[in-house]
2 protein chains.
Amino acid sequence: MSSSCEILTLASLCEFLKSHDNYVVLTHANPDGDTLGSAYGLKLGLKKLGKKVQVVCCDEIPRKYDYFIDDSECDFIPETVVAVDVADIKLLGDLYERFEGRIDLNIDHHISNTRYAKRLYLDSDAAAATQCIYEILDELGVEFDRSIANALYTGLSTDTGCFKYNNVTAKTHEIASKLYEIGVDAGEINRIMFDTKSKSRVKMETMVLNSAEFHFDDRLMLMSITLETQRKTGCTKTDMEGVPAMSRSVEGVLVGVTLKETRENEFKISVRTYDPLDASAICSKLGGGGHKAAAGCTVLGTLQEAKAKILAAVKEALEELDEGSDTFK
Amino acid sequence: MSSSCEILTLASLCEFLKSHDNYVVLTHANPDGDTLGSAYGLKLGLKKLGKKVQVVCCDEIPRKYDYFIDDSECDFIPETVVAVDVADIKLLGDLYERFEGRIDLNIDHHISNTRYAKRLYLDSDAAAATQCIYEILDELGVEFDRSIANALYTGLSTDTGCFKYNNVTAKTHEIASKLYEIGVDAGEINRIMFDTKSKSRVKMETMVLNSAEFHFDDRLMLMSITLETQRKTGCTKTDMEGVPAMSRSVEGVLVGVTLKETRENEFKISVRTYDPLDASAICSKLGGGGHKAAAGCTVLGTLQEAKAKILAAVKEALEELDEGSDTFK
């Protein structure tokens, strides 16, 4: 399918958008701030050009994004299907089968994009898909307003950990600056996105922190989330996002390990490392894999057995590291 | 003293900096990223103009700022004293007496500035003092390099919670964009500033979270840090920064209360509220005060007694709120 995917420039993309109408804009499943900000930013922008647009997502949209959701509907027969921030058609979730082979346009920023659409506009240097949408609407001459700014800023801010991660570029800040000039409600958006936790998340964090152990001269921090913890705190999948990152944020810690019980006596282990340690190499010893800084594996046994297995794998890696550094002494 | 304080424009400030030399740049006590980033950014910039500059701080500089600290020294007799990010001369700490009446220039962004210096350049719209320093060095025609960018970015990022708070403006992002063009190591800086906690901080957070109580239909979250917690975790003053903010970050919570035992049977209470609740009004019932969203008071008694007092004060405020909203029903 990839051979039939036409790669668009910004100019040819804008020509396409101007010459088409009756848009259905698709987001990925488990929608986040970037896919939603992109979809509604594009909807609001295209509406200003007199186009008819509808956003479709296979999952329910979390209430916290209400401030930029445009629910206005108008009757029209869908003609043009656009997927935004969707790197692979499988990420459409339950919409996958309905739209397979029928995506006219894909706007994305993931270098891993699988080129499943008829046309693709890809800017893999963009920190967020809303960064692309900003440039597209700007090129189209759309008059930005506060709602559009709020939608686009939400993507920029959530995909960069509020301008914290390495994916941020000069252009990301330049666009943020322009969204401020338009009057974006950034302080309030960031409070909702970054400084608000559910009560069950707080309870879960507390129990996870209580489970924390330090090993190997405090170079490893280990935390565990048992089925019992999950039951007691009533926490959801969303509540558990970002927990593995907590394990790597302690001074001096080179390896953060999180064990999550997925069913009785089965643990999904997440490993996070700093250079020069290789999380993927550690997890491959237990049949898993991933990236150098973040990897995972699944281990069977009791919590104590699972801990013993991952600790042994990390011990080996640390010993190799110590031997390596000895040669420089 | 305020009558003799000359207010400088950007142009007259730059004239002053060009026509003087042998600078001593003072930071405030308990130095943070903004005062240090401003002082070293200014030092590095003025050195590029051939000036001699020394930075002086009454306290030890935390190691985490090492990446922009310029320790190079040269012998000179100090002539021009500049205070950066110092709103009140008392904030100089132990340097106060030595420099009282001798500050030639003050560069600041606090609207509360007490105008203690002979000359003041104040931009109270600037999110950080380094935002002012950027504009000054730019006006002076200094050729920016990565070290200067790292110093200035550190102030921008730490004073705004990484571009999260309400003090951010279009200009803040515009300057951040320019620092990225210069090659700032922003990802690494943000990791050090925002994603690294000491082990004692993690232990302290765990104990504080374990102390969490919810009252009044989960509209109040209360946490306590006893002398015993402080002793057991070995946490420092720095480790305790930001704890009151934790109490207000839970969904649905309108009032966050933190009780910190300062000595046996004495509690410093921090109150954080959301609109329309008034933290200052709540604390004034117990002899304290502050701002609408953040206030404090000191209460004597056991932990249970202190809790009872602040809970009663909050209860009154919530009841007034409920009565107020009844009238709209």
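Residues numbered from 1 in each chain as written. Chains lettered and ligands numbered in written order. Predicted model: local features only at pLDDT ≥ 70, side-chain atom pairs only at ≥ 80, totals over all residues. Heavy atoms only, no water.

Enquirer: Would you explain the overall build of chain A in this entry?
Expert: A count of helices and strands for chain A gives 12 helices and 12 strands. Counting every position in chain A, which comprises 329 residues, the buried fraction comes to 52%. In the structure as shown, chain A presents an accessible area of about 14,700 Å², 47% of it carried by carbon and sulfur atoms. Side chains of chain A carry 38 positive and 53 negative charges; the gap between the two charge centres is 3 Å. (Helix = DSSP H or I, 4+ residues; strand = E, 2+ residues; numbered from the N terminus. Buried < 20%, exposed > 50% of the residue type's maximum accessible area, 1.4 Å probe, protein only. Areas by Shrake-Rupley, 256 points an atom, 1.4 Å probe, with all protein chains shown as cover. Lys, Arg positive; Asp, Glu negative; His and termini not counted. Charge placed at Lys NZ, Arg CZ, Asp CG, Glu CD.)

Enquirer: Would you take a moment to explain the sheet that holds strand 10 (residues 266-273) of chain B for this structure?
Expert: Residue and element names in this part refer to chain B. Reading across from one edge, 7-8-9-10-12-11 is the order of the six strands in this open sheet, with mixed pairing throughout. In this open sheet, the two edge strands, each paired with only one partner strand, are strand 7 (213-215) and strand 11 (289-290). With three bridges joining them, strand 7 and strand 8 (residues 220-225) adopt antiparallel strand pairing. Bridge pairing in strand 8 places Glu213 opposite Leu222. (Pairing = 2+ DSSP bridges.)

Enquirer: I would appreciate a short explanation of the packing of aromatic side chains in the present structure.
Expert: All names here are of chain A. Counted under the stated rule, the structure contains 13 aromatic pairs over all chains. Residues Tyr40 and Phe68 carry aromatic rings whose centres are separated by 6.2 Å and whose planes lie at 55 degrees to one another, so their mutual orientation is tilted. Within this pair, whereas Tyr40 is found in helix 2 (residues 33-48), its partner Phe68 is found in the loop between strand 3 (53-56) and strand 4 (80-84), the two being separated by 28 residues in sequence. In this structure, Tyr40 and Phe68 share a single accessibility class: buried. (Phe/Tyr/Trp six-rings, centres within 6.5 Å; stacked < 30°, edge-to-face > 60°.)

Enquirer: Explain the interface of chain B and chain A here, please?
Expert: Each partner contributes to the interface: chain B provides 35 residues, whereas chain A provides 35 residues. Between chain B and chain A lies a buried interface of about 3,200 Å² when both sides are counted; carbon and sulfur atoms form 59% of it. Where chain B packs against chain A, one counts four salt bridges. For the salt bridge of Lys199(A) with Asp218(B), the shortest nitrogen-to-oxygen distance reads 3.0 Å. Joining chain B to chain A, the criterion identifies 18 residue pairs in polar contact (both at pLDDT 80 or more). At the level of elements, helix 6 (170-182), helix 7 (186-194) and helix 8 (199-210) of chain B are the ones that each hand at least two residues to the side of chain B that touches chain A. The biggest single contributor to the side of chain B that touches chain A is helix 6 of chain B, with seven residues. Counted by class, the side of chain B that touches chain A contains 14 nonpolar, 11 polar and 10 charged residues. (Contact = heavy atoms within 4.5 Å. Buried area = accessible area lost by both parts, 1.4 Å probe. Salt bridge = Lys/Arg side-chain N within 4 Å of Asp/Glu carboxyl O. Polar contact = N/O pair within 3.5 Å; in protein donor to acceptor, adjacent residues only side chain to side chain. Nonpolar A, V, L, I, M, F, W, Y, C, P; charged D, E, K, R; others polar.)

Enquirer: Would you take a moment to explain the pattern of salt bridges for this structure?
Expert: When the charged atoms of two side chains with opposite charge come close together, those side chains can pair. Counted under the stated rule, the structure contains 46 salt bridges over all chains. Salt-bridge contacts for Asp104(A) lead to Lys118(A); the nearest nitrogen and oxygen are separated by 3.2 Å. You can see Asp104(A) sitting in the loop between helix 3 (96-99) and strand 5 (105-108) and its partner Lys118(A) sitting in the loop between strand 5 and strand 6 (119-122), a full 14 residues away along the chain. Under the relative-accessibility criterion, Asp104(A) is labelled buried at 12%. Taking the shortest distance from any N to any O, the salt bridge between Asp195(B) and Lys164(A) comes out at 3.1 Å.

Enquirer: Help me out: how do you make sense of the relation of the copies chain B and chain A in this one?
Expert: Both copies of the chain are related through a single rotation about an axis accompanied by a shift along the same axis. Mapping chain B onto chain A calls for a rotation angle of 180 degrees and an axial translation of 0.1 Å; the resulting RMSD is 0.2 Å. Here the symmetry operator amounts to a two-fold rotation axis. Interface overlap between copies is the fraction of interface residues in one copy that are interface residues in the other; for chain B against chain A it reaches 100%, indicating a shared surface. (Least-squares fit on C-alpha atoms with pLDDT ≥ 70 in both.)

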